[in-house]
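# Chains, contacts and geometry: an overview
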Amino acid sequence: MDLTAEIAKRRTFGIISHPDAGKTTLTEKLLLFGGAIQKAGAVKSNKIDMHARSDWMDIEKQRGISVATSVMAFEYEGMKINLLDTPGHQDFAEDTYRTLTAVDSVVMVIDCVKGVEIQTEKLMEVCRMRKTPVISFINKLDREGQDPYDLLDEIESKLGINVHPLSWPIGMGKTFQGVYSLYDKSLRLFKADKQQLHEESTRFEDINSPELEKYIGESHAAQLREDVEMLDDLYGPLDVNAYLSGDVAPVFFGSAVNNFGVKELLDAFLQFSPEPIGRMLDETEIKPDYKKFTGFVFKIHANMDPKHRNRIAFLRICSGKFQRGSNYYHTRQDKKFRISQATAFMAQDKETIDEAYPGDIIGLYDTGNFKIGDTLTDGDKGMYRGIPSFSPEIFREVINKDAMKTKQLEKGLNQLMDEGVAQLFNFQLGSRKAVGVVGQLQFEVIQHRLKHEYGATCEFAGMQLYKACWISSDDPKKLDAFINSKQRHIAKDKDGKLVFMAESKSWLQMVQENFPDVNFHFTSEF
Ligand code: G4P
């Protein structure tokens, strides 16, 4: 098969949701439909349960589970689907943001009882920034949830995206009958069943036909007719381009745990979702059908075997064909590497692969050569853009507790930062180091891993910091003047970029007003 045909059959997407909305359940059902797993219960949640954890090994085990299921590839109706899992726990949100750089579209799960929740809002912000196409799946229709119109309003107002329902629920909770598919004009009747894949649909072009009453009874039929008329008036046919440009989110309703609405979602997903899309290599857009291989690392998972500090770098292929055994160019290190080991992630098994195509995710065994954002090419120079660091929310100063292990601490911290566990800022004056994270749990992970993997002991001391702002200016003199006047608050990030460490919101505002020629950025890519 040629490159264009391989690209056309691939779909690479991620599922996002607030914890508990049903992401794991939906993932599992998609894999069941795809024949990648045979029975329910095979996919373990990657949730990190703060309350249930008794010791560190639990977290480690849970991290292990999340890596095992972090990429799941399966075939469905001739298509190769790459499903990227995202950590549900908010403390690992940055990991999720980075994973979203490697997908071409997203399915967003919303609990119909709880509506749009905070984590979904944050994740959607990232999708909006990148204009990622989103399909929404409103889940748990077997429960008494909010009115479907209210849910649509809430998605529009809280998530800042226009919606376009493609299916519509008939009843809800105890009276849930099923959905009417607006886009293929069919009726799908609900049967609560957690095991069977039974989703059947009946073509129903004319919902004014008296046949409808036979299926769903008089009152539901009347309500459905009214709803469909209104929805047709309001929305009309789906503008697929508006979906592809990230402006409109098609919406489906279902109940993942009951396998209901999942096949409809999967079929529609395959019909509308984008094939692998191009990405910016520095200033050049590289299209997937560019003949030469390129790809970037968006995730690094270490500690697969604690005795050997080996890591797996997850690489998204952006163009060309990957061939195991080839020499590829590592653009940051300006060096060629022979890639002799690579794994594909087919459902939950890892298997060695010889070749892979745009949209695919491969795992490269790494002994410390890769950082997040690294680019591999077939000779082209440059780095893939779009994997920014965001300003962390909590900062602590690293205090070395064992002077004999200073080197180990340094090495450990650097490697953990390469993996993106947290961000390290080295202050220009003195040797203070600030670790910035999104959630408290990350400090515990760092401390634990430094001790167990590097033999280094550290403590974290509180720091009065509000944000890390990457700074730039069109006028180098003005930037220098700023740096000189704020020396105690200037640090460098892992790539040596200058960062202003702001102590409070009001102070930052004041500094911004006093230095109008300096730009303050909340992400590292600007
Ligand atoms: P997450 O990955 O988004 O965090 O959510 P997950 O799939 O783990 O689902 C969270 C809970 O919601 C689970 O219940 C799951 O069974 C339930 N759930 C998922 N889909 C539906 C649905 O369509 N209807 C209803 N009523 N419940 C649904 P749990 O009690 O936490 O776990 P379990 O013991 O049932 O697995």
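Here the residue numbers are simple positions, counted from 1 along each chain's written sequence. Reporting in this predicted model follows two pLDDT cut-offs: at least 70 for local features of residues, and 80 or more for side-chain atom pairs to be given and counted; totals over whole chains, interfaces and linings ignore these cut-offs and use all residues. Neither water nor hydrogens contribute to the side-chain values; these are computed over all heavy atoms in the structure.

## Quick look at the site of the ligand
So the rule is basically this: Being near a molecule or strand, for a residue, means having at least one of its heavy atoms within 4 Å of it. Identification of polar contacts relies on pairs of N or O atoms within 3.5 Å, with a donor-acceptor requirement for protein atoms, meaning one able to donate a hydrogen and the other able to accept it, and with residues adjacent in sequence counted only if both atoms are side-chain atoms. Note that accessible areas follow from Shrake-Rupley with a 1.4 Å probe, and for residues the cover is restricted to the protein chains shown. Every helix listed is a DSSP run of H or I at least four residues long, and every strand listed is a run of E at least two residues long, numbered separately from the N terminus. Think of it as three bins: nonpolar holds Ala, Val, Leu, Ile, Met, Phe, Trp, Tyr, Cys and Pro, charged holds Asp, Glu, Lys and Arg, and polar takes everything else, Gly as well.
Taken together, 17 residues lie near the ligand, and Asp20, Lys23, Thr24, Thr25 and Ser255 sit nearest. One of the backbone N or O atoms of Gly22 is found 2.9 Å from an oxygen atom in the ligand. Across the complex, the protein chains shield 66% of the 710 Å² of accessible surface that the ligand would expose by itself. Ranked by residue count, the leading element in the shell around the ligand is helix 2 (residues 23-33), at three residues. Considered class by class, the residues forming the shell around the ligand number four nonpolar, seven polar and six charged.

## Points about the sheet that holds strand 31 (residues 519-521)
The test is simple: DSSP-based pairing: two strands are paired if at least 2 bridges between them are found. Every angle, taken between N-to-C directions, lies between 0 and 180 degrees, and every axis is a line fitted to C-alpha atoms, over only the stretch in contact when it is a helix.
Here we have eight strands laid out as an open sheet, ordered 27-24-26-25-29-30-28-31, and antiparallel in their pairing. The open sheet terminates on both sides in strands that have one partner only, identified here as strand 27 (458-462) and strand 31. Each strand axis lies, on average, 40 degrees off the axis of its neighbour in the sheet, ignoring direction. Relative to strand 29 (residues 490-492), strand 25 (residues 423-427) is paired through two bridges, and the arrangement is antiparallel. Bridge assignment links Phe427 to a residue of strand 29, and that residue is Ala491.

## With respect to the pairing of strand 26 (residues 433-437)
Going by this rule: Type-normalised accessible area, obtained with a 1.4 Å probe on protein chains alone, sets the label of each residue: buried when under 20%, exposed when over 50%, and partly exposed for intermediate values.
Counting buried residues in strand 26 gives five out of five residues, a clear majority hidden from the surface. Burial along strand 26 is two-sided: Lys433, Val435 and Val437 and Ala434 and Gly436, pointing in opposite directions, are all buried. In this structure, strand 24 (residues 394-400) lies alongside strand 26, joined through four bridges in antiparallel fashion. Bridge pairing links Glu397 to Ala434 in strand 26.

## What to know about the packing of helix 11 (residues 406-418) against helix 12 (residues 441-454)
Defined as follows: Any angle between 65 and 115 degrees counts as roughly perpendicular, while under 35 counts as roughly parallel, over 145 as roughly antiparallel, and the rest as oblique. We call a crossing left-handed when the near helix sits turned anticlockwise from the far one by less than a right angle, and right-handed when that turn is clockwise. The contact definition used throughout considers only heavy atoms, calling two residues in contact when any of these lie within 4.5 Å.
Viewed as axis vectors pointing N to C, helix 11 and helix 12 meet at an angle of 125 degrees, and their least axial separation amounts to 10 Å. If you check the angle between helix 11 and helix 12, you find them oblique. Here helix 11 and helix 12 pass one another in a crossing that is right-handed. Residues Gln408, Leu409, Lys411, Gly412, Leu413, Gln415, Leu416 and Met417 of helix 11 pack against Ile446, Arg449, Leu450 and Tyr454 of helix 12. Considered class by class, the residues forming the contact of helix 11 with helix 12 number seven nonpolar, three polar and two charged.

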